[in-house]
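One-letter residues, chain by chain:
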Amino acid sequence: VLEFLPMPTAGHQLLLGFLYGLFREACANLGRPCPLFAPVPVRVSAERYREPDLVLPRTPLTGETREIDAADLVVEIVSADANSRRRDHVDKRRE
């Protein structure tokens, strides 16, 4: 299935930046791996990846890491688009 997704809005980007700052500070204080923001592939099955808006990797990453196999938290900022809501609330959550 080929999907053409709408570009993120400025509000989406501002919210992502705010959340990233909060998680980065918390992870630094707790000695946890640094959060990453999209685009970064996260494996959800043997042959499928998603690119969440924000991800907290389970293990420390190197500068050469290309994908994340295990995450403690993934964050998806849901847009007002009805198709996006279904994909974010149903499909992505299931995966």
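Scroll up a little and you will see the structure.
These remarks concern the structure in this document. (Residues numbered from 1 in each chain as written. Predicted model: local features only at pLDDT ≥ 70, side-chain atom pairs only at ≥ 80, totals over all residues. Heavy atoms only, no water.)

Describing the sheet that holds strand β1 (residues 36-37)
- A sheet is described by the order of its strands in space; here three strands give the open sequence β1-β4-β5, paired in antiparallel fashion. Strands with a single pairing partner mark the edges of an open sheet, and in this sheet they are β1 and β5 (71-75).
- Taken together, the four bridges between strand β4 (residues 54-57) and β5 define a ladder with antiparallel strand orientation. Bridge pairing in β5 places Val-55 opposite Val-74.
- Relative to β4, helix α1 (residues 10-30) is tilted by about 15 degrees, and along the sheet it contacts β1, β4 and β5. (Pairing = 2+ DSSP bridges. Helix = DSSP H or I, 4+ residues; strand = E, 2+ residues; numbered from the N terminus. Contact = heavy atoms within 4.5 Å. Axes fitted to C-alpha atoms, helices over the stretch in contact; angles between N-to-C directions.)

Description of the state of the cysteines
- Applying the stated criterion to the full structure yields zero disulfides.
- Here Cys-27 stays unpaired: no disulfide links it, and the sulfur of Cys-34, its closest cysteine neighbor, is 7.0 Å away.
- On the basis of relative accessibility, which here comes to 35%, the residue Cys-34 falls in the partly exposed class. (Disulfide = S-S within 2.5 Å. Buried < 20%, exposed > 50% of the residue type's maximum accessible area, 1.4 Å probe, protein only.)

Thoughts on the pairing of β4
- Side chains Leu-54 and Leu-56 of β4 all project onto a buried face; the interleaved residues Val-55 and Pro-57 project onto the opposite face, where all are buried too.
- Bridge count for β1 against β4 is two bridges, and the pairing is antiparallel. Bridging across to β4, Leu-36 finds its partner in Val-55.

Some words on the packing of aromatic side chains
- According to the stated counting rule, one finds one aromatic pair in the structure shown.
- Judged by centre distance (5.1 Å) and plane angle (85 degrees), the rings of Tyr-20 and Phe-37 are edge-to-face. A residue pair is termed long-range when its members are at least 10 positions apart, and Tyr-20 in helix α1 and Phe-37 in strand β1 qualify at 17 residues. (Phe/Tyr/Trp six-rings, centres within 6.5 Å; stacked < 30°, edge-to-face > 60°.)

A closer look at the nonpolar core
- If you look at the biggest cluster of nonpolar residues, it comprises six residues: Leu-16, Leu-19, Tyr-20, Leu-54, Val-75 and Ile-77.
- At three residues, α1 tops the list of elements feeding residues into this core.
- Beyond its immediate stretch of four places on either side in the chain, Tyr-20 contacts Cys-34, Pro-35, Phe-37 and Leu-54. (Core = buried A, V, L, I, M, F, W, Y, C linked by side-chain atoms within 4.5 Å.)

Considering the layout of surface pockets
- In this structure, the largest pocket occupies an estimated 1200 Å³ of space.
- Forming the boundary of the largest pocket are 39 residues, of which Glu-51, Pro-52, Glu-76, Asp-88 and Lys-92 lie nearest the centre.
- Breaking the lining of the largest pocket down by element, the ones donating at least two residues are α1, β2 (42-45), β3 (48-50), β5 and α2 (82-94).
- The biggest single contributor to the lining of the largest pocket is α2, with six residues.
- Across the lining of the largest pocket, the residue classes tally to 18 nonpolar, seven polar and 14 charged. (1 Å grid on protein atoms, 1.4 Å probe; cavity = no way out; pocket = protein on both sides within 12 Å on 5 of 7 lines; lining within 4 Å. Points joined across faces, edges and corners; volume = space filled by probe spheres on them. Nonpolar A, V, L, I, M, F, W, Y, C, P; charged D, E, K, R; others polar.)

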